[in-house]
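# Structure assessment
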Amino acid sequence: LGPQASLEEPAFDAVGYRLLTALKSQGLPVVIGAIHGPEDIAKPSKKSAEGRKFVNRYFTTELGAETKLIPATTEQEVKTLVRALGNFTPKDLTWRRDRGYMLAQEAEYSSAEGVLCLRGYVRGPGLSCKHLIHLTGHGDFTLTRISKLRDPCPLAAPRGSIEVDSNSENVVDELKPGEEPNADRLQPYDPTTAEQTWPTAEELATSQDSEMMPPPPRPRPPPARPAIAMIPAPAIGSETTASDIHSETATEDATMGGGEGSESDGDEDAESMGTGRSIAETDDGWDVSSNMTMEVPTSEVIEAEKRRRETLLERSREELEFPDEVDTPLEVPARERFQKYRGLKSWRTSAWDPYEDLPVEYSRVWEFEAFASTARAFRQQFVDDCWALEDGGISSLYCAVYIRGVAPSVFEAQQRGVPFVLSSMFECEQKVSVVHSTVCRLKEFTEVIKSKEEVEMHCGFRRLVVKPTFSEIPRRASTTKKYKFSRFLHEGITACASFYAPVIFPPCRLLMFARGSSESGGMELAASGNITGADPKQLVIKRAMLTGYPFKVHKSRGVVRFMFFNPADVRWFKPVELSTKKGLRGHIVESLGTHGYMKCRFSAGIKQDDTVCMNLYKRVYPKWYPPAWGGRIEDSPETA
């Protein structure tokens, strides 16, 4: 910067500012800046003072008020800077305070034994062989031995002429037989969980009382009819349950005529209905899931991708203007199209059983009875295990850790010159559950982010590829807390992102990277937030709003059309309450004619320019995506 500093020539380019935004979202310690430049900058002058003032204001704005600036132009100022660095106490980040971690300075791999040895300074509470560890970008592993080593950069030199062997190791902790940490990710699949359980004592007593009553008279047999082949409905534990659930949801969304939600889940529909495309392919067949694809796309593929992005942008704007509005299809009866939906008397207070009609995926994930209490207990248990080692643990010491079960591909995949990052895991953090987080979209990201679209999550030390489901966070507390499903992640709104992933105990920062523009083709920082917990019982409810328009009105009564198109649908949805965009409430009185007209009554006088709405709801679930925890993309809930 120096005296030539100006707003027209910033210190960072576009990529630098994106990196700075990511660093600030992840969390930065206190930053120390060194002001250096030509010797004339140290001379007291008006121009030099203005330059220093600009640099100070710039650093404070970008890096926080705790930023310290120290001049480092002359030799004496450089010595002052070195002394300040030596006396400076770094500020620890909240999300990694209770975790042990290491930035490996040396790495050795034994292909014969599959053991990876990392050497470096251990930070945080320390490490223990009783707990699993995570290698950032590679997965979870087990420690077999932890040893202390001679510090290559000691604070004080050894006394006298005593020489310490640099190759000697002092074993502090070693994995004992029978104490291996549990590495199970999913619950075992049991197809009998969907079957009817043994009757309770009350049900048995009721059945005995009914047996004591005289049997009712036997009805006369009906006349003989030709036999009809009946197709049994798939059970929860059957092999087709998971795909059926997604395909039924897809079929429903695909039939939305002109509604925003019709295409919101359209990609998922095509995947589940067996079109032969890859799950990560776009409509034009371009696989966008692999960052390692080196083939140059053709001009036709680029144009198709641009058209798809324009369509998504148009649908996102339409969703903001007309949220959750769908059109009743003409070729499919509404009672079939919305057969999985229900009406609610009150969105905030109406009850909804969280264990009702769960998909088979929920039989494989783990649930916590008291998540916050469990997190505190496991965190304290980890600290106690670290302190129970020799001399109070290995925190802040130079150590060697030995990791078993490391495939050769892990060592080969690590880029040369990039150190391994090792972090400890609390108990149960390897188990898969439904993880929830709060995310807020960045203004700099201009692409559309759709629910159930593949994104990359950086959760603390973890790197996950997930397909999150976005929902609106309820503002008021209630006995049955419901999160309203959002088809897109809009700008300026803090939403809840739910996805299948290994359990992560908060506090933990989250960075979400999504695919940027077609010109760059890479992943860009799209949103940031925090992990809030893991709870499969959290209700994410999707709303479908059917709209109709008054045809004739008289005081509080009116004839509404274009909501349904046959009398059977009117009679089917008669118990559901109506509302209008001007705040009235009402109900259906009866059907009128044969084209779906209906007589309605409202709480006050209705106007001709009002819009009549009927809100229908159904529960939605995150998309099953095994690569989030290291599985194969083709693994189903039954075979994972």
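Look a little higher up for the structure.
Residues numbered from 1 in each chain as written. Predicted model: local features only at pLDDT ≥ 70, side-chain atom pairs only at ≥ 80, totals over all residues. Heavy atoms only, no water.

### Regarding the pattern of salt bridges
Pairs can form between side chains of opposite charge once their charged atoms are near each other. Stated precisely, the cut-off is as follows: The salt bridge definition used is simple: a Lys or Arg side-chain nitrogen within 4 Å of an Asp or Glu carboxyl oxygen. Helix and strand assignments come from DSSP, with helices taken as H or I runs of at least 4 residues and strands as E runs of at least 2, each series counted from the N terminus.
Evaluation of the coordinates by the stated rule reveals 24 salt bridges. In this structure, Arg-487 engages Asp-324 in a salt bridge whose closest nitrogen and oxygen atoms are separated by 3.0 Å. Here the residue Arg-487 occupies a position in the loop between strand 16 (482–486) and strand 17 (494–502), and Asp-324 occupies one in the loop between helix 8 (299–321) and strand 9 (325–326), the gap between them amounting to 163 residues.

### Focus: the pairing of strand 13 (residues 455–459)
Counted only if it meets this: Partly exposed describes any residue whose relative accessible area lies between the buried limit of under 20% and the exposed limit of over 50%, with all areas from a 1.4 Å probe on protein chains only and scaled to the type maximum. The pairing criterion is simple: DSSP has to find at least two bridges between the two strands.
Across the five residues of strand 13, four count as buried, placing the element largely inside the fold. By the bridge criterion, five bridges tie strand 13 to strand 14 (residues 462–466) in an arrangement that is antiparallel. Bridge pairing in strand 14 places Cys-459 opposite Arg-462. Linking strand 13 back to strand 14 in an antiparallel pair, the connection comprises two residues, with Gly-460 at a positive phi of about 65°. The pairing of strand 13 with strand 18 (residues 509–515) spans four bridges and is antiparallel. The residue bridging Glu-456 from the neighbouring strand is Phe-513, located in strand 18.

### What to know about the packing of helix 1 (residues 14–26) against helix 2 (residues 46–63)
Two packed helices can be described by the angle between their axes and the distance between those axes. Here is the rule we go by: In this analysis an axis means a line fitted to C-alpha atoms, helices contributing only their contacting stretch, and an angle means the value between N-to-C directions, from 0 to 180 degrees. Oblique is the label for every angle not falling under 35 degrees (roughly parallel), over 145 degrees (roughly antiparallel), or within 65 to 115 degrees (roughly perpendicular). Only heavy atoms matter for contacts: two residues are in contact if any of them lie within 4.5 Å across the pair.
Look at helix 1 against helix 2: their axes get within 11 Å of each other, and the N-to-C directions meet at 55°. By the angle class used here, helix 1 and helix 2 are oblique. Across from Tyr-17, Leu-20 and Lys-24 in helix 1, the residues of helix 2 making contact are Tyr-58, Glu-62 and Leu-63.

### Considerations on a nonpolar patch on the surface
Applicable threshold: Each patch is assembled from residues with relative accessible area greater than 30% and no salt bridge, linking like charges that lie within 9 Å and nonpolar side chains (Val, Leu, Ile, Met, Phe, Trp, Tyr) that lie within 5 Å. Note on areas: Shrake-Rupley with a 1.4 Å probe; residue coverage comes only from the protein chains shown.
On the surface, Leu-330, Tyr-549, Phe-562 and Phe-565 cluster together into a nonpolar patch covering about 420 Å² of accessible area. Note on Tyr-549: relative accessible area 40%, which makes it partly exposed.

### Here's the deal with unusual backbone geometry
A cis amide bond, omega 5°, links Pro-506 with the succeeding residue Pro-507. Within the fold, Pro-507 resides in the loop between strand 17 and strand 18. The phi dihedral of Cys-428 falls on the positive side, at around 75°, and the residue is not glycine. You can see Cys-428 is positioned in the loop between strand 11 (421–424) and strand 12 (432–441).

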